[in-house]
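# Examination of the molecular architecture
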Amino acid sequence: MPSTEAAASELQDRATLWSVGEIPASDVVSAACDALIAGLDSPGLRVLAACTRAEADYDVHDLLPEALDELGLILHPVDSAAGQEAAARALARCMLAGELKPWELTFRIHQRYGHELPLTARLAALDDEYAILEYGDKAVSQVDAEVTAEARRLAAAHPRVPTEPTDIPS
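To keep things clear, this report deals only with the structure shown in the data block. (Residues numbered from 1 in each chain as written. Predicted model: local features only at pLDDT ≥ 70, side-chain atom pairs only at ≥ 80, totals over all residues. Heavy atoms only, no water.)

## Here we look at the overall build of the chain
From N to C terminus, the chain includes 8 helices and 0 strands. The linear arrangement of helices and strands in the chain, starting from the amino end, is α-α-α-α-α-α-α-α. A compact globule built from 170 residues should have a C-alpha radius of gyration of about 15 Å, and the chain, at 17 Å, falls within 12% of that. For the chain, the spread of C-alpha atoms along the principal axes amounts to about 60 × 30 × 25 Å. The long-range share in the chain, meaning contacts at least 24 apart out of those at least 6 apart in sequence, stands at 62%. With the model as given, the accessible surface of the chain reaches about 8700 Å², and the carbon-plus-sulfur share is 54%. With 13 positive and 29 negative side-chain charges, the chain shows a spacing of 6 Å between the two charge centroids. (Helix = DSSP H or I, 4+ residues; strand = E, 2+ residues; numbered from the N terminus. Rg over C-alpha atoms; globule rule 2.2 N^0.38 Å. Contact = heavy atoms within 4.5 Å. Areas by Shrake-Rupley, 256 points an atom, 1.4 Å probe, with all protein chains shown as cover. Lys, Arg positive; Asp, Glu negative; His and termini not counted. Charge placed at Lys NZ, Arg CZ, Asp CG, Glu CD.)

See the structure below:
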């Protein structure tokens, strides 16, 4: 069973990735269920976790903010710098968890933010390096290792999430 801190972090990451269109709403509901199993609890979290896959696409938008707020978690506005950085960190953690290949991380970051977001500029540059591998002297494994190091740097720099809900469940 994951710790409450790990479950809270995963829920926040899934919420962030959903908000930028990276994952479906049903993945947020699954993360809410996992959070309940891990010991997090709030009225809003229970309602969110109770959504069916069919309801998720319609209901997560309305239910998620309250559930996160009750747990002391934040859903940053998508267009804000904090929202963009949270999405980049969540994608980096996905890559480190084996959900994305290194080149997929760089491609998604480069496609979404180009070279404009200072936090992810190195990943965008590494995406450029993947594109010119056949003309350069680097091997794929070298670029993969640099991407992995950069993903670790991003993942380690995320804010700590609380392990206790801010509202007492009723």
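Having seen the model, we can carry on.
## Remarks on the packing of helix α6 (residues 102-113) against helix α7 (residues 121-131)
Running from N to C, α6 and α7 point in directions that differ by 120°, and their axes come no closer than 8 Å. Taken together, the axis directions place α6 and α7 in an arrangement best described as oblique. Read as a crossing pair, α6 and α7 show a hand that is left-handed. Judged by residue contacts, P102, W103, L105, T106, F107, I109 and H110 of α6 engage L123, A124, L126, D127, D128 and Y130 from α7. Considering only residue class, the contact of α6 with α7 consists of 9 nonpolar, 2 polar and 2 charged. (Axes fitted to C-alpha atoms, helices over the stretch in contact; angles between N-to-C directions. Parallel < 35°, antiparallel > 145°, perpendicular 65-115°, else oblique. Left-handed = near helix turned anticlockwise from the far one by under 90°. Nonpolar A, V, L, I, M, F, W, Y, C, P; charged D, E, K, R; others polar.)

## Points about helix α5 (residues 81-96)
Spanning 16 residues, α5 covers 23 Å between terminal C-alpha atoms, matching the ideal 22 Å at 1.5 Å per step. For α5, every residue scored as buried is listed here: G83, A86, A87, A88, R89, A90, L91, A92, R93, C94 and M95. In the segment just after α5, G98 is the residue with positive phi, at about 85°. (Expected span 1.5 Å × (residues − 1). Buried < 20%, exposed > 50% of the residue type's maximum accessible area, 1.4 Å probe, protein only.)

## Some points on the pattern of salt bridges
By the definition in use, this model includes 12 salt bridges. For R14, the salt bridge identified is with E99, shortest N-O distance 2.9 Å. One end of the pair, R14, is in helix α1 (residues 4-19); the other, E99, is in the loop between α5 and α6, with 85 residues separating them in the sequence. Of the charged contacts in the structure, one is a salt bridge between E22 and R108, with a shortest N-O distance of 2.9 Å. One end of the pair, E22, is in the loop between α1 and α2 (25-38); the other, R108, is in helix α6, and 86 residues separate them in sequence. (Salt bridge = Lys/Arg side-chain N within 4 Å of Asp/Glu carboxyl O.)

## What about α7?
Every buried residue belonging to α7 is among L123, A124, L126, D127, E129 and Y130, and all of these are buried. Of the surrounding elements, those touching the buried residues of α7 are α6 and α8 (140-156).

## Description of the packing of α5 against α8
Helix-helix packing is described using two parameters, namely the angle between the two axes and the distance between the axes. Running from N to C, α5 and α8 cross one another at 125°; their axes reach a closest spacing of 8 Å. Here α8 runs oblique to α5, going by the angle between their axes. Pair α5 / α8 crosses with left-handed handedness. Residues A88, R89, A92, R93, M95 and L96 of α5 form the contact with α8, whose own contacting residues are V147, T148, A151, R152, L154 and A155. Counted by class, the contact of α5 with α8 contains 8 nonpolar, 1 polar and 3 charged residues.

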